Structure formats: structure tokens, C-alpha cells
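Below are the chains, spelled out letter by letter.
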Amino acid sequence: LTDTYTLANGVEIPIVGFGTWQTPDGDVAKSSVEAALKAGYRHIDTAAAYGNEESVGAGLKASGLKREDYFLTTKLWNADHGYEAAKKALDTSLQKLGVDYVDLYLIHWPNPAAFRDNWAEANADSWRAMEEALEAGKVRAIGVSNFRPKHLDELLKTAKVTPMVNQIFLNPSDLQPEVVAYNDAHNILSEAYSPLGTGKIFEVEALQKMAERYNRSVAQIVLRWSLQHGFLPLPKSVHEDRIIQNGQLFDFELSHHDMTLIDDLHGVAGLATDPDTTNF
Ligand code: A2P
């Protein structure tokens, strides 16, 4: 869990992150973050929109870890697009989290409903604020989330800094081949949110059978698949036993044959996201 990938600007990022989307604010968020850090995770992923930054911050504090000993990501919410608004939103997130800097700050969505007609401009303006925050040391790396190639193409027209990360919905049921290929070609790390397909992946029989063969859980098989692809999975759980289990991925390896078998499951759980039709 302390192994790292190296981002385009040299920043080291632990290869498994602990996800907190849909983790309720309050004691649950605090105690699950504490449990994750106790289990050895050193990378926590949250967002302003998750509404749990204060509790995540409380969990980080309660762990007793020094700031430099964990990697922390948060995200710019849709309502806060624009140069001034983005600067303010980052300061608010830092305050809520109780930290002086985050390791990674992401634009959460490329084209929220409020900016449907001028998303390119909104992203460019927000990005400028994020580049300045990088320069000022308020963030150690910057990136995007849910961006498709056309959104990245637009952003790169004005960006001085290429996003270091694109965090996308990425699991055996949705391989996002075009986005991943684009990310790879631009040295952008593909982070996988909902790496367990928000739980739906557990129903897939082929994965259940494979898990039996490896004497592992379906979650471990799927997370291992994500890692062997070079993705950065962000599993979420509020249960300590699952949190521990989801971090135990380094004492087995999937064969090439089984990697291919999982790749072939694309579409199996009927999951997909389409940023063009999201209405946040
Ligand atoms: P819970 O938080 O109650 O443990 P994703 O990361 O793809 O969004 O998936 C998260 C979902 O999968 C949550 O519903 C979570 O529930 C569940 N989950 C996470 N880890 C495991 C696991 N090891 N075994 C079974 N369910 C899990």
C-alpha cells in the first residue's frame, strides 16, 4: 500500500487510494478513514461534493500521522467553476480538511449543467486558478475527473500544465478504452473510481468463479486487475474488514489469461457513465 506511481511532475502517489464517495459525513467518514490509515492505506480521496471533508479531516488528524505521511485528494465542485470561485473553493476545502495543502486537486466534472454552453471556458478559468495553486504550494499536483478526450483536447489548448491525473469510472464492466488510451498518450495517470462497479461487480459469476480459483474475494480479484493494468483504484468501504481486505493485493498475481478474461467482461454489469448526459 506504500508503493507509488510517479506523476508527470515527479510527485509520488500511493497506488491504491481509499475512496469516500457515498460515505456519510460524521462518525462513519471519520472512523472509516482512521480504519484505512490503520490498515496501511496512505492515500485518501474525497471531494467537496461528498460533503464529508471535515470528517475526513478529523479521521486524518485522529490517525496521528504526520501530514507528509499521507496523500490527500479533493475536488472542485461544479458550482465553483471559474477563476475566482475555484480559488475560493480550494481554500474552503483546505479549511474543512484542516490541512495547509492537498496533494492532488481535481476538476470534478467537465461540463456541469450550469456550464453546459460554456464548459470549455469554465474549465480553462478554473484550471488557471489550479495552476496558480500549484505554483503557490497549496496543491502538489492537479488533474481532472470524468474528462473525455474532447474535454482534455479543449483544456490543453490553454493549459500551461497538462493534467497529471484523470479520475474516471473504470472497472471490468466499463473499460473506457478511448479515455485510457488518451490518458496514456499524454502521460496522465488513470485513477479508477468505483473500481468495484459501486458493488455491482460482485454479482458477476465469472468473477466469483475466478475468486474461488485464487482463493481470494471478488473485490481483491477486481482491484488486482485494476493495478495490473496500471490504474490507480480507489475502493470505498465503511466496513473495517472490507477496508483491510481491499488493501491485501500484493501477495498474488493474475495470469495474463485471467486478465484477458476480465477484460472481456466489458459491459457485463450494465454500468456506464456519460459525462455528456450527466445533469449535475
Ligand atoms: P460498504 O461501504 O458497505 O462496504 P466502489 O468502490 O466501486 O464504489 O464500490 C463500493 C461498494 O462496494 C460499496 O457498496 C461497498 O460497501 C462495497 N464493498 C467495498 N469493498 C467490498 C468488499 N471487499 N466486499 C464486499 N463489498 C464491498
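None of the values given here were measured: they were computed from a predicted structure.

So, the sheet that holds strand E3 (residues 18–19)
Right, so step 1: Read across the sheet, eight strands follow the order E3-E4-E5-E6-E7-E8-E9-E10 without closing on themselves; strand pairing throughout is parallel. Edge positions in the sheet fall to E3 and strand E10 (232–233), since each of these pairs with one other strand and no more.
Right, so step 2: Bridge count for strand E9 (residues 189–193) against E10 is two bridges, and the pairing is parallel. Directly across from Ala 192, in E10, lies its bridge partner Pro 233.
Right, so step 3: Running over the sheet, helix H3 (residues 83–97) touches strand E5 (71–76) and strand E6 (104–107) and is turned about 140° from E5.

Some words on the UniProt feature "site: Lowers pKa of active site Tyr" (unreviewed entry) in the protein
Right, so step 1: Sites flagged by UniProt as "site: Lowers pKa of active site Tyr" (unreviewed entry) map to Lys 75.
Right, so step 2: As for its position among the elements, Lys 75 is in strand E5.
Right, so step 3: When the 26 C-beta atoms within 10 Å are taken as the criterion, Lys 75 is described as buried.
Right, so step 4: In contact with Lys 75, not counting residues within four places along its chain, are Ala 47, Ala 48, Ala 49, Leu 106, His 108 and Ser 145.

Thoughts on the site of the ligand
Right, so step 1: Not every one of the 18 residues close to the ligand is listed here, only the nearest: Ser 194, Leu 196, Gly 199, Ala 219 and Ser 237.
Right, so step 2: The element that contributes the greatest number of residues to the shell around the ligand is helix H9 (residues 240–247), accounting for three residues.

Conventions used here
Residues numbered from 1 in each chain as written. Predicted model: local features only at pLDDT ≥ 70, side-chain atom pairs only at ≥ 80, totals over all residues. Pairing = 2+ DSSP bridges. Helix = DSSP H or I, 4+ residues; strand = E, 2+ residues; numbered from the N terminus. Contact = placed C-beta atoms within 7 Å. Axes fitted to C-alpha atoms, helices over the stretch in contact; angles between N-to-C directions. UniProt positions renumbered as here; feature names shortened; annotations may be inferred. Buried ≥ 20, exposed ≤ 12 C-beta atoms within 10 Å, placed from the backbone. Near = placed C-beta within 6 Å.

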